[in-house]
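For reference, the chains in residue letters:
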Amino acid sequence: KTVAITFDDGPGRNTTPELLDGLKERNVPAAFFVVGENIEGNEDIIRRMHDEGHIIGNHTFTHVELDKLSENAALTEVSKTNAAIEKITGEKVKYIRPPCGSWDEELYYKIDMTPVFWSVDPKDWCTDNVSVSVSRVMEQTKDGDIILFHDIYDTSVTAALEVIDRLQTRGYRFVTLDDLLIE
Ligand code: ZN
């Protein structure tokens, strides 16, 4: 049984490093869909994600719903974020997660990137109750799922690490998006 865990809206100076420590301890790869405007001042965190084998994806520059923008504005949101990431990692950004899942299929033909959605959503951003987020994930998760968390809240970091421990106990293996999407 394999799953992938993904984190949106970061990096967060006060939360993401602790999450990275926890992932490293558990030897679990993740994907981080970062907001472009959060990168400045947090370049070290992006570099660390990359060095520790995590995938870094695009979550637009200002966290906008892409299908509400003109095509030019949408393309700018995407390309500015890619440039900010690529400047640090030296690698092309492959995946995009559109904020709120708002994706215009037309964009697919203009952007050479794979949109990645999610299948397990604990809505961790609207509760500060760790055990609520944890049990939502434990109830929903099945083989092949993509789990969504947000790495800008302390409670989300705690919940995500607990979810990892519990799913591993149930026999789940955490894989990268590359591996999950190929299978
Ligand atoms: Zn988001």
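Keep in mind that what you see is a predicted model, and the values were worked out from it rather than measured.

J.: Account for the environment of tyrosine 153, with residues named and values stated.
T.: Along the chain, tyrosine 153 turns up in the loop between β6 (146-150) and α6 (154-169). Under the relative-accessibility criterion, tyrosine 153 is labelled partly exposed at 32%. In sequence terms tyrosine 153 and threonine 16 are 137 residues apart; their C-alpha atoms lie 8.7 Å from each other. Among residues more than four places away in sequence, those in contact with tyrosine 153 are Thr15 and Trp125.

J.: A description of α6 should follow, citing residues and the corresponding values.
T.: Counted at 1.5 Å a residue, the expected span for α6 with its 16 residues is 22 Å, and the 23 Å between its end C-alpha atoms agrees. Taken together, the buried positions of α6 are Ser156, Val157, Ala159, Ala160, Leu161, Val163, Ile164 and Leu167. Looking one or two residues beyond α6, the residue adopting positive phi is glycine 171, at roughly 95°.

J.: Please give an account of helix α1 (residues 16-26) that cites residues and values.
T.: Taken as a whole, α1 has its buried residues at Thr16, Leu19, Leu20, Gly22 and Leu23. For α1, the arc enclosing every buried residue in end-on projection is 160°, short of the 170-degree limit, so these residues lie on one face. Along α1, the residues that are exposed and aim more than 90 degrees away from the buried face are Lys24 and Glu25. Of the surrounding secondary structure, the elements contacted by the buried residues of α1 are β1 (2-8), β2 (30-34), α2 (43-51) and α6. Backbone geometry just after α1 places asparagine 27 at a positive phi near 60°.

J.: Tell me about the coordination of the zinc ion, and name the residues and values.
T.: Coordination of the zinc ion by the protein comes from Asp9 (OD), His59 (NE2) and His63 (NE2), over a distance range of 2.1 Å. Linear spacing of the donor residues for the zinc ion on their chain is D-x49-H-x3-H. For histidine 59, a relative accessible area of 2% corresponds to the buried category. You can call histidine 63 partly exposed: its relative accessible area is 33%.

J.: With reference to specific residues and values, describe the packing of aromatic side chains.
T.: Counting across every chain of the model gives four aromatic pairs. Their ring planes at 50° and their centres at 6.4 Å tell us that phenylalanine 117 and tryptophan 118 sit as a pair that is tilted. By relative accessible area, phenylalanine 117 is classed as partly exposed at 32%. We classify tryptophan 118 as partly exposed; its relative accessible area is 29%. The side chain of lysine 1 reaches across the aromatic face of tyrosine 172, ending 4.6 Å from its centre.

Rules used in this analysis
- Residue numbers here run from 1 along each chain, matching the order of that chain's written sequence.
- Two thresholds apply to this predicted model, a pLDDT of at least 70 for residue-level local features and 80 or more for giving and counting side-chain atom pairs, whereas whole-chain, interface and lining totals are computed over all residues.
- The side-chain figures draw on all heavy atoms in the structure; neither hydrogens nor water molecules are used.
- Secondary structure elements are defined from DSSP: runs of H or I of at least 4 residues count as helices, runs of E of at least 2 residues count as strands, and each element is numbered from the N terminus.
- When a residue's accessible area, from a 1.4 Å probe over protein chains only, is under 20% of the maximum for its type it is buried; when over 50% it is exposed; and in between it is partly exposed.
- The contact criterion used throughout is that any non-hydrogen atoms of two residues lie within 4.5 Å.
- Expected helix span is taken as 1.5 Å per residue step, with the number of steps being one fewer than the number of residues.
- Think of the arc as the fan of directions from the helix axis to the C-beta atoms.
- Donor atoms are limited to N, O and S found within 2.8 Å of the metal ion, a distance that becomes 3.2 Å for Na, K and Ca. With water left out, some sites might look partial.
- Here a Phe, Tyr or Trp ring, Trp counted by its six-membered ring, pairs with any other such ring whose centre lies within 6.5 Å, and the pair is stacked when the planes are under 30 degrees apart, edge-to-face when over 60, and tilted otherwise.
- For a Lys NZ or an Arg CZ to count as sitting over a ring, it must be within 6 Å of the ring centre and within 35 degrees of the ring normal.

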